[in-house]
Amino acid sequence: MKKLLISTVLLLGLSMSVSAQKHPPVPPHPSKSELENIKMQELTKNTILRKS
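Cut-offs applied
- Residues numbered from 1 in each chain as written.
- Predicted model: local features only at pLDDT ≥ 70, side-chain atom pairs only at ≥ 80, totals over all residues.
- Heavy atoms only, no water.
- Helix = DSSP H or I, 4+ residues; strand = E, 2+ residues; numbered from the N terminus.
- Rg over C-alpha atoms; globule rule 2.2 N^0.38 Å.
- Buried < 20%, exposed > 50% of the residue type's maximum accessible area, 1.4 Å probe, protein only.
- Areas by Shrake-Rupley, 256 points an atom, 1.4 Å probe, with all protein chains shown as cover.

1. Quick word on the overall build of the protein
(1) Moving on: A count of helices and strands for the protein gives 2 helices and 0 strands.
(2) Moving on: Taken over the C-alpha trace, the protein has a radius of gyration of 25 Å; the compact-globule value for 52 residues is 10 Å, which it surpasses by more than 25%.
(3) Moving on: Based on the C-alpha atoms only, the size of the protein along its principal axes is roughly 75 × 20 × 10 Å.
(4) Moving on: Expressed as a percentage of its 52 residues, the buried residues of the protein come to 0%.
(5) Moving on: Working note: accessible area of the protein is about 5,400 Å², and carbon and sulfur atoms make up 69% of it.

Spelled out as structure tokens, the structure:
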């Protein structure tokens, strides 16, 4: 019974480490000011294109 418990724990640990390696960490989200800057650049680009 003890060997079964140990082997189960080892199997779960190995499968979790393998699944963690398959999925890379999520890149950090841009800050609010960065989002505002990107949006302003898009708006100015659209405005320039419309005026042309």
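2. Focus on the environment of Gly13
(1) Moving on: Along the chain, the position of Gly13 falls in helix α1 (residues 2–22).
(2) Moving on: Sequence-wise, Gly13 and Glu34 are 21 residues apart; in three dimensions their C-alpha atoms are separated by 39 Å.

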